[in-house]
Amino acid sequence: MSGTVTTVSSNGEYAFTKPNRDSITLLAGLGVEGDVHAGVTVKHRSRVAKDPTVPNLRQVHLIHAELLDEVAGAGFEVAPGALGENVTTRGIDLLGLPTGTRLRLGAEAVVEVTGLRNPCAQIDTYRHGLLKQVLGRDEDGRIVRKAGIMSVVLTGGEVRPGDPITIELPAEPHRPLEMV
């Protein structure tokens, strides 16, 4: 199983969206160099308010381009980086990966998947009605979060659009992704 990096994004300021870049540099144990969410401890404002000493399991946010295609089909034009992700991918079922999966992004960088992004109300501020497209329920009534996955950086390196993504699954039994 493999895929491709389609877009990379970062922002040094707190903002919902992240501008697209020619490349980003991942720093081991920290996240995206120069990104407001990089750090050893939590950087998302709501989490910092609760406990600023909690480890940052949300260093790098990845979203699958197929989600952007899906919401476009429902009438929502959403560009890569617009939902705050650092890496937009194509060809990988990100939401189906187990916790602990390692993704090699390009030649050097390796991230470890920590869990699901919990879509927040800011998504509706960005595009009214979009939250319902990225947060739903399955046939059993369980909440389905589709707004991407979060990860931590194990090995740093530069990541660019067009870079290949390779997947290394953790040892079984696999643990499904949960919200982080």
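Located above this text is the structure these notes cover.
Owing to the predicted nature of the structure, the values given are computational and were not obtained by experimental measurement.

Visitor: I'm lost on the overall build of the chain in this one. Help?
Guide: Looking only at helices and strands, one finds 4 helices and 13 strands in the chain. Computed over C-alpha atoms, the radius of gyration of the chain comes to 15 Å, within 12% of the 16 Å expected from 2.2 N^0.38 for 180 residues, which places it in the range of a compact globule. Burial statistics for the chain: of 180 residues in total, 44% are counted as buried. Taking the contacts inside the chain whose residues are at least 6 apart along the sequence as the reference set, 68% of them involve residues at least 24 apart.

Visitor: I tried to follow the side chain of Asp163 on my own but got confused; where do I start?
Guide: Position of Asp163 relative to the elements: it lies in the loop between β12 (157–159) and β13 (164–168). One polar contact links the side chain of Asp163 to the main-chain amide nitrogen of Arg160, over a distance of 2.8 Å. Ignoring any residue separated from it by four or fewer positions in sequence, one finds Asp163 in contact with Gly3, Thr4, Val5, Gly106 and Glu158.

Visitor: Help me understand the pairing of strand β3 (residues 24–27) in this model?
Guide: Along a regular strand, successive side chains alternate from one face of the sheet to the other. Residues Ile24 and Leu26 line the buried face of β3, whereas the alternating positions Thr25 and Leu27 sit on a face that is not buried. In this structure, β3 lies alongside β12, joined through 3 bridges in antiparallel fashion. Within the sheet, the bridge partner assigned to Ile24 lies in β12 and is Val159. Here β3 runs beside strand β4 (residues 31–32); their pairing, made up of 2 bridges, is antiparallel. Residue pairing in the sheet places Leu27 in a bridge with Gly31 of β4. Where β3 folds back onto β4 in an antiparallel hairpin, the turn is made up of 3 residues, including Gly29, whose phi is positive at roughly 75°.

Visitor: What is the right way to look at helix α2 (residues 65–73) in this model?
Guide: Turn by turn, an α-helix covers 3.6 residues, leaving residues three or four places apart pointing in a common direction. When α2 is considered as a whole, its buried residues turn out to be Ala65, Leu67, Leu68 and Val71. Angular distribution of buried residues about the axis of α2 spans 150°; they occupy a single face of the element. Looking at the buried residues of α2, the elements they touch are β1 (2–9), β5 (60–64), β6 (87–90) and α4 (131–134). Among the residues trailing α2, Gly75 stands out with phi positive, at a value near 95°.

Visitor: I would appreciate a short explanation of the sheet that holds β12 in the present structure.
Guide: Hydrogen bonds along the backbone pair up the strands of a sheet, which may run parallel or antiparallel. As summarised here, the arrangement of the 3 strands in space is β4-β3-β12, forming an open sheet in which the pairing is antiparallel. Each edge of the open sheet carries a strand with a single partner, namely β4 and β12.

Visitor: What is the right way to read the nonpolar core from this model?
Guide: A general tendency of soluble globular proteins is for nonpolar side chains to be buried together. Among the nonpolar cores identified, the biggest contains 23 residues, and Leu26, Val60, Leu97, Leu103, Leu105, Ile149 and Val159 are the most heavily contacted of them. Mapped onto this core, the elements with two or more residues apiece are β1, β3, β5, β7 (102–105), β8 (109–116), β11 (149–155) and β13. Element by element, the count of residues in this core is highest for β8, at 4 residues. Residues within four places of Leu105 in sequence aside, it is in contact with Val5, Leu26, Val87, Val111, Glu158, Val159, Pro164 and Ile165.

Thresholds, definitions, all that
- Residues numbered from 1 in each chain as written.
- Predicted model: local features only at pLDDT ≥ 70, side-chain atom pairs only at ≥ 80, totals over all residues.
- Heavy atoms only, no water.
- Helix = DSSP H or I, 4+ residues; strand = E, 2+ residues; numbered from the N terminus.
- Rg over C-alpha atoms; globule rule 2.2 N^0.38 Å.
- Buried < 20%, exposed > 50% of the residue type's maximum accessible area, 1.4 Å probe, protein only.
- Contact = heavy atoms within 4.5 Å.
- Polar contact = N/O pair within 3.5 Å; in protein donor to acceptor, adjacent residues only side chain to side chain.
- Pairing = 2+ DSSP bridges.
- Arc of directions from axis to C-beta.
- Core = buried A, V, L, I, M, F, W, Y, C linked by side-chain atoms within 4.5 Å.

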